[in-house]
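Report on the structure
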Amino acid sequence: MPDDVPPLDLPAHLPEAWQSVLTPHLDPAGTAALGRFVADEYATETVFPPVEDLFSAYRLCAPQDCRVLILGQDPYHKAGQAHGLSFSVRDGVAVPPSLRNVFKELGEDLGVPKPTSGNLSGWAAQGVLLLNSVLTVRQAKPGSHGGKGWEEFTDATIRALDALEHRVVFLLWGGYARKKATLVGNPQHVVLEAGHPSPMNPRGFLGSRPFSATNKALADAGLPTVDWARSAG
C-alpha cells in the first residue's frame, strides 16, 4: 500500500447497530488486513461500488429490522451498476440479466408486474438485507476481490443474523451462496435454496417461487410479509 493511503477501519464505517452485532464474530487481524487491501484497491484501481456505497446494504437494513437475507456473490463489475445492494442497480440503469430473471420469477410467483427500475432499495427498506459475499470488485474483473477477507466479513454477518431472536429467511441462490447454509443453525430461521438467477443457469431458479415461500415463512412466525412489488425506494 502506498504510504499516504490510510487503511479503512471497516467496522467503524458500519452503522452502530451492525458494529455491535458483528464485532463478536469478526477476527480483528483479518478485518484489519481486509481494510488495508480495500483502501489500497480504491486508491490504485477502479473499484465498484463507489466507496460511499460500500455498506449501503447495512445502512438501509438495520439488524433488528432484518427479516430476509438475499445473498449474492460479488458486485456488478461494469461502470454505473453496483451501488452496494446485491442484484440491484440504480434508477435509470439497464436491468442486468440476472435481475431480469428475478423479476420474471417475481411475476410468475406473485403476479407482480415487471418493475420499471432495477433499484431494490424498496426491498431493503422493508427489512431485506441485500448482501454480497464479497463487497468490492475491480472494474471488468469479476471475482477479483474474492479470497481477500470479505467472505469472513459477510460470514460474520450471517452468524449475527442467525443469533437474532426473530425469524430471518435466508434466500441462497446459486452454488456459492448455498454453501453458506451451514452457517444458519438456529431452528427458528428458514433457509430457501435455489439455483442462481443468471441466464447462464437455465434451470434451478425459475419456478422456485422464493417470494411467496418467504412471505409464508414470515407470516408463520407472526412477522409482516414483504411487499415485493415495492422494489424502488
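The structure presented is a predicted model; accordingly, all values stated were derived computationally and were not measured.

Here, UniProt's "domain: Uracil-DNA glycosylase-like" (unreviewed entry) annotation points to residues 59-218. Split by type, residues 59-218 is 29% helix and 14% strand. Its first and last C-alpha atoms lie 22 Å apart.

Here the focus is the packing of helix 4 (residues 97-110) against helix 8 (residues 210-220). Orientation of helix 4 relative to helix 8, taken along the N-to-C sense of each, is 60°, at an axis distance of 7 Å. One element, helix 4, and the other, helix 8, form an angle in the oblique class. Here Val-102, Glu-105, Leu-106, Asp-109 and Leu-110 of helix 4 come into contact with helix 8, specifically with Pro-210, Phe-211 and Ser-212. A class-by-class count of the residues in the contact of helix 4 with helix 8 yields 5 nonpolar, 1 polar and 2 charged.

What follows is about the packing of aromatic side chains. Scanning the model with the defined rule gives 12 aromatic pairs in all. Aromatic side chains Trp-18 and Tyr-58 sit 5.0 Å apart centroid to centroid with 90° between the ring planes, which places their arrangement in the edge-to-face category. A residue pair is termed long-range when its members are at least 10 positions apart, and Trp-18 in helix 1 (residues 16-22) and Tyr-58 in helix 3 (residues 56-60) qualify at 40 residues. Among the residues examined, Trp-18 registers a relative accessible area of 0% and is labelled buried. Residue Tyr-58 is classed as buried on the basis of its relative accessible area of 1%. Taking the centre distance of 5.8 Å and the plane angle of 10° together, the rings of Phe-55 and Phe-153 count as stacked. Residue Phe-55 is located in the loop between strand 1 (47-48) and helix 3, and its partner Phe-153 is located in helix 6 (residues 150-162); the two are separated by 98 residues in the primary sequence. With respect to burial, Phe-55 and Phe-153 carry one shared label: buried.

Turning next to the layout of surface pockets. Taken as a whole, the largest pocket encloses approximately 610 Å³ of empty space. In this structure, the largest pocket is lined by 33 residues; those nearest its centre are Asp-74, Pro-75, Tyr-76, Ser-98 and His-196. Breaking the lining of the largest pocket down by element, the ones donating at least two residues are helix 4, strand 3 (128-132) and helix 7 (175-178). Considering each element in turn, the lining of the largest pocket owes the most residues, 3 residues, to strand 3. Along the lines of polarity and charge, the residues of the lining of the largest pocket split into 18 nonpolar, 13 polar and 2 charged.

The rules behind the values
Residues numbered from 1 in each chain as written. Predicted model: local features only at pLDDT ≥ 70, side-chain atom pairs only at ≥ 80, totals over all residues. Heavy atoms only, no water. UniProt positions renumbered as here; feature names shortened; annotations may be inferred. Helix = DSSP H or I, 4+ residues; strand = E, 2+ residues; numbered from the N terminus. Axes fitted to C-alpha atoms, helices over the stretch in contact; angles between N-to-C directions. Parallel < 35°, antiparallel > 145°, perpendicular 65-115°, else oblique. Contact = heavy atoms within 4.5 Å. Nonpolar A, V, L, I, M, F, W, Y, C, P; charged D, E, K, R; others polar. Phe/Tyr/Trp six-rings, centres within 6.5 Å; stacked < 30°, edge-to-face > 60°. Buried < 20%, exposed > 50% of the residue type's maximum accessible area, 1.4 Å probe, protein only. 1 Å grid on protein atoms, 1.4 Å probe; cavity = no way out; pocket = protein on both sides within 12 Å on 5 of 7 lines; lining within 4 Å. Points joined across faces, edges and corners; volume = space filled by probe spheres on them.

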